[in-house]
Amino acid sequence: MMKVSVTTLPLVSLDVDLLLLLVTEGDAGITAENIGGEIGQALELTLSDFSGKAGESVVVYPAATRAHRVAFVGLGDSADDAEALREAAATGAALAKKTNGTTVALRIPDVALDSDVTGQALVEGFMLASYEFQRYKEEDERTHDRTERFVLHAGAHEQAVRRGAERGRVIAESTCTARDLVNMSPHEKTPTLLGKAVERHAKKNGFDVTVWDKAEIEHEKMGGLLAVNRGSPEPPAFIEMTWQPSKAANSRPVVLVGKGIVFDTGGLSLKPTKDSMDHMKADMAGGAAVIGTLEALARLDVPLYVVGLVPATDNRPGAFAYVPGDVLTMHSGKTVEVLNTDAEGRLILADALSYAKIYRPELVIDLATLTGAQVVALGSKVAAAMTNRGPIAALCEAGDQSGDLVHPMPMHAHYGDALRSHVADIKNIGNREAGSITAAKFLEHFVDYDWLHVDLAGPAFLQKAMPYRPEGGTGFGVRLLVEFLTRMASTRKR
Ligand code: BES
Ligand code: ZN
Ligand code: ZN
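Here goes a summary of the coordinates provided. Since the structure is predicted, the reported quantities are computational estimates derived from the model, not experimental observations. Here the residue numbering is sequential within each chain, running from 1 through the sequence in written order. Each chain gets a letter, beginning with A, and each ligand a number, beginning with 1, in the order they are written. Two thresholds apply to this predicted model, a pLDDT of at least 70 for residue-level local features and 80 or more for giving and counting side-chain atom pairs, whereas whole-chain, interface and lining totals are computed over all residues. Only heavy atoms go into the side-chain values, all of them from the structure, while hydrogens and water stay out.

## Quick word on helix α13 (residues 435-444)
Then, in step 1: Of all ten residues in α13, nine are buried, a share of seventy percent or more.
Then, in step 2: Accessible area is worked out with a 1.4 Å probe on protein chains only. A residue is then buried under 20% of its type maximum, exposed over 50%, and partly exposed in between. Runs of H or I in DSSP of at least four residues are treated as helices and runs of E of at least two as strands, each being numbered from the N terminus. Of all the residues in α13, the buried ones are Gly435, Ser436, Ile437, Thr438, Ala439, Ala440, Lys441, Phe442 and Leu443.

## Here's the deal with the coordination of the zinc ion (ligand 3)
Then, in step 1: The protein atoms that coordinate the zinc ion (ligand 3) are Lys259 (NZ), Asp264 (OD), Asp283 (OD) and Glu344 (OE), at distances spanning 2.0 to 2.5 Å.
Then, in step 2: Metal coordination here is assigned from N, O and S atoms located within 2.8 Å of the ion, or within 3.2 Å for Na, K and Ca; omission of water means that sites may look incomplete. Donor angles set the geometry label: tetrahedral for four donors if every angle is between 85 and 135 degrees, square planar for four and octahedral for six if opposite donors exceed 155 degrees and the others are between 65 and 115, irregular for anything else. Between the six donor atoms coordinating the zinc ion (ligand 3), the angles at the centre fall across 77 to 173 degrees, so the site counts as octahedral.
Then, in step 3: On the primary sequence, the residues serving as donors to the zinc ion (ligand 3) are separated as K-x4-D-x18-D-x60-E.
Then, in step 4: Taken as a pair, the zinc ion (ligand 3) and the zinc ion (ligand 2) lie 3.2 Å from each other and share aspartate 264 as a ligand.
Then, in step 5: With relative accessibility at 2%, the residue lysine 259 sits in the buried group.

## Things to note about the pairing of strand β8 (residues 237-243)
Then, in step 1: Taking burial as the measure, the seven residues of β8 include seven buried ones, the bulk of the element.
Then, in step 2: Of the two faces of β8, both are covered, the one formed by Ala237, Ile239, Met241 and Trp243 as well as the one formed by Phe238, Glu240 and Thr242.
Then, in step 3: As defined by bridge partners, strand β7 (residues 208-212) adjoins β8 across five bridges and the pair is classed as antiparallel. Looking across to β8, one finds that valine 211 is bridged to isoleucine 239.
Then, in step 4: Of the strand pairs in this sheet, β8 and strand β11 (residues 306-315) are connected by seven bridges, and their pairing is antiparallel. Counted as the bridge partner of tryptophan 243 is valine 306 from β11. At least two bridges found by DSSP between two strands are what make those strands a pair.

## Looking at the sheet that holds strand β12 (residues 327-329)
Then, in step 1: What the three strands build is an open sheet, ordered β12-β13-β17; its pairing is mixed. One side of each edge strand has no neighbouring strand; the edge strands of this open sheet are β12 and β17 (426-427).
Then, in step 2: Relative to strand β13 (residues 335-337), β12 runs antiparallel, the two sharing three bridges. The residue bridging valine 327 from the neighbouring strand is glutamate 337, located in β13.

## Remarks on the nonpolar core
Here is a general trend for soluble globular proteins: nonpolar side chains tend to be buried in one another's company.
Then, in step 1: In this description, a nonpolar core means a group of buried Ala, Val, Leu, Ile, Met, Phe, Trp, Tyr and Cys residues linked to one another through side-chain atoms lying within 4.5 Å. Counting residues in each nonpolar core, the largest one holds 55 residues, and the members touching the most others are Met241, Leu256, Ile365, Val406, Phe484 and Leu485.
Then, in step 2: Sort the elements by how many residues they give to this core and helix α9 (residues 285-300) lands first, with nine residues.
Then, in step 3: Every residue pair with non-hydrogen atoms within 4.5 Å of one another is taken to be in contact. Among all residues touching valine 406, those that are not within four sequence positions of it are Val382, Ala383, Ala385, Leu395, Cys396, Val454, Phe476 and Leu480.

## As for the coordination of the zinc ion (ligand 2)
In an ideal octahedron of six donors the angles at the metal are 90 or 180 degrees, and in an ideal tetrahedron of four donors they are 109.5 degrees.
Then, in step 1: The zinc ion (ligand 2) binds to the protein through Asp264 (OD), Asp342 (O), Asp342 (OD) and Glu344 (OE), with metal-donor distances spanning 2.0 to 2.2 Å.
Then, in step 2: For the zinc ion (ligand 2), the six donor atoms are set out with angles of 69 to 166 degrees between them, so the coordination reads as irregular.
Then, in step 3: Each donor residue of the zinc ion (ligand 2) lies on one chain, and together they are spaced D-x77-D-x1-E.
Then, in step 4: The exposure class assigned to aspartate 264 is buried, which follows from its relative accessible area of 2%.
Then, in step 5: Judged by its relative accessible area of 22%, aspartate 342 falls in the partly exposed class.

## Re the site of ligand 1
Then, in step 1: Working definition: residue near molecule or strand if any one of its non-hydrogen atoms lies within 4 Å of it. Taken together, 15 residues lie around ligand 1, and Lys271, Asp283, Asp342, Glu344 and Gly372 are the ones closest in.
Then, in step 2: Between aspartate 283 and ligand 1, the recorded distance is 2.9 Å, taken from a side-chain N or O atom to a nitrogen atom.
Then, in step 3: Think of a polar contact as two N or O atoms within 3.5 Å of one another; within protein, one of them needs to be a possible hydrogen donor and the other a possible acceptor, and neighboring residues in sequence only count if both atoms come from side chains. Glutamate 344 is positioned such that a nitrogen or oxygen atom in its side chain is 2.8 Å from an oxygen atom of ligand 1.
Then, in step 4: Exposure was quantified through the Shrake-Rupley algorithm and a 1.4 Å probe, taking into account, for residues, occlusion by the shown protein chains and nothing else. In the complex, 75% of the free accessible area of ligand 1, which totals 520 Å², lies under the protein chains.
Then, in step 5: Think of a 1 Å grid over just the protein atoms. A cavity is a set of points where a 1.4 Å probe fits yet cannot get out, a pocket is an open set with protein on both sides within 12 Å along at least five of seven lines, and lining residues have an atom within 4 Å of a point. Throughout, a molecule is located in a cavity or pocket provided that more than half of its atoms lie within 2 Å of its grid points. When atoms are counted within 2 Å of each cavity's grid points, the one that captures over half of ligand 1 is the second largest pocket.

## With respect to the pattern of salt bridges
Then, in step 1: Take a side-chain nitrogen of Lys or Arg and a carboxyl oxygen of Asp or Glu: if they are within 4 Å of each other, that pair is a salt bridge. In the structure shown here, the tally under the stated rule is 26 salt bridges.
Then, in step 2: When the shortest N-O distance is used, the salt bridge between glutamate 173 and arginine 169 registers 3.4 Å. Here glutamate 173 pairs with arginine 169, and both are found in helix α5 (residues 158-183), just four residues apart, close to one helical turn.
Then, in step 3: When its relative accessible area of 12% is taken as the criterion, glutamate 173 is described as buried.

## Description of the pairing of strand β4 (residues 69-76)
Then, in step 1: Across the eight residues of β4, eight count as buried, placing the element largely inside the fold.
Then, in step 2: Along β4, one buried face is formed by Arg69, Ala71, Val73 and Leu75 and the opposite face, lined by Val70, Phe72, Gly74 and Gly76, is buried too.
Then, in step 3: Relative to β4, strand β2 (residues 18-24) is paired through seven bridges, and the arrangement is parallel. The partner of leucine 18 across the bridge, within β4, is arginine 69.

## Looking at the environment of valine 123
Then, in step 1: By secondary structure assignment, the location of valine 123 is in helix α4 (residues 115-130).
Then, in step 2: Taking relative accessible area as the criterion, valine 123 reaches 0% and is therefore assigned buried.
Then, in step 3: Sequence separation between valine 123 and arginine 86 is 37 residues, and the spatial gap between their C-alpha atoms is 7.7 Å.
Then, in step 4: If sequence neighbours within four positions are ignored, valine 123 has contacts with Val4, Leu128, Phe150, Leu152, Ala165, Gly168 and Arg169.

## Here we look at α9
Then, in step 1: To estimate the expected span of a helix, subtract one from its residue number and multiply by 1.5 Å. Its 16 residues give α9 an end-to-end C-alpha distance of 22 Å, which sits within 8% of 22 Å, the value for a rise of 1.5 Å per residue.
Then, in step 2: Directly beyond the C-terminal end of α9, a positive phi value near 55 degrees is found at aspartate 301.

## Digging into the side chain of threonine 369
Then, in step 1: With respect to the helices and strands, threonine 369 occurs in the loop between β14 (363-368) and α11 (372-378).
Then, in step 2: Within polar-contact distance, the side chain of threonine 369 engages the side chain of aspartate 283 at 2.4 Å.
Then, in step 3: Filtering out sequence-adjacent residues up to four positions away, threonine 369 remains in contact with Lys259, Ala282, Asp283, Ala285, Asp455, Leu456, Ala457 and Ala460.

## Some thoughts on unusual backbone geometry
Then, in step 1: Phi at aspartate 301 takes a positive value of approximately 55 degrees, unusual for a residue other than glycine.
Then, in step 2: One can find aspartate 301 in the loop between α9 and β11.
Then, in step 3: What makes aspartate 301 partly exposed here is its relative accessible area of 36%.
Then, in step 4: In this structure, tyrosine 468 takes a positive phi of about 55 degrees despite not being glycine.

## Considerations on the side chain of serine 130
Then, in step 1: Within the secondary structure, serine 130 is located in helix α4.
Then, in step 2: With relative accessibility at 9%, the residue serine 130 sits in the buried group.
Then, in step 3: At a separation of 2.7 Å, a polar atom in the side chain of serine 130 contacts the main-chain carbonyl oxygen of phenylalanine 126.
Then, in step 4: The contacts of serine 130, once residues within four sequence positions are left out, are Met2, Ala93 and Lys97.

Dropping the structure here:
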């Protein structure tokens, strides 16, 4: 567990393994004068060889500081961009890893952002970049020298920096909860075990949870979830989380729904292994993001009534598996003709979405690794957002601010035509065109409230690391939702 703190002691006096100085292109902020004395002079000279371009870094060993090493890290030329701060802090974290820096300090750079936003972004970038999933590594294979203490050096606005840093720490840790769940081996996160894990998180972090078993799911007539589960030896679970603070700004809740396919083989419409089924332990990343978000809301004490729903099962081709041609009666009463058992996510989400009506929700947001088409359309950094009549612009703004980027997709009525069935109300697949949109159109049949849908198939799980996002689970969605919901709570209060 990394400790995060804020100090205003003189830079030269900080006794750390590594001192990070972020430099913008053409920076005038690091001078002999404002760093202090001998070290300032040494650094000012080094700086003349350093452009400050984003991603650039140089390590020096000045005799006159108590810090063992000092590193300059380039911030690029956009000094009002939280994402640039996260990425520069991530470069700092990489240097700390390389030099076994157990204690690291970072001087808050002079940027045109609020100090709390700056503190938050720097802590998020540093902590998210320091993350390593070591659960299955032998003891002597594990990194032990990871950073234990991260100190932000604040000039002015110490209180605001501290507030932001604390927020950044909670959000980064909650994001890493989601990452851990995604990275975990499928046999350790069966629906039942996932439910148990959420019960532990709920207890530790102060939100409520009920995990329904198969009998209760049958009683609710969740025909989609039960059909997908039929080919599995493991029973399904339906995880219902609640964060209801007494000072909530809303009386009707925001309901978050996360896809919880703990492993997607495709079922009888079996996936090929390479670059397809081999990634499918991540098919509960939407659920993981909802779980991580509940953790963050509770720890940050966000004054908003929020419910989280995660329908959970694996999708397998066992002897009793549902088959193409099966017609299902869903929780809502609608019938669905299954023509591809690999389009299972929409079936379990549909049941959760129609169940969500009992809450008379103000807004429902679902997150799902729903379609390969999303990855083709937008790649690994940006998720797709769709809506019936929900606040999609506000969601995209929260995305820009948080770094979890989302982009809207069209939802014209004609996209729904592809779902016409001859035997049932609708079928579960469209044609080759606009696959992520037809999936959203399917879900739209099960909502009657303001609704946002986020398809995060690309950004949830990476084959190749990106700045502060390691290979594997990224925890995408936690920062997005926490930002969106915090904004919602604060506009409501005013
Ligand atoms: N879990 C997959 C979607 C997915 C693909 C997530 C790649 C992450 C990376 C989903 O259940 C699925 O298989 N979707 C099908 C739908 C199709 C059969 C209509 C797809 O996208 O191919
Ligand atoms: Zn599938
Ligand atoms: Zn799936």
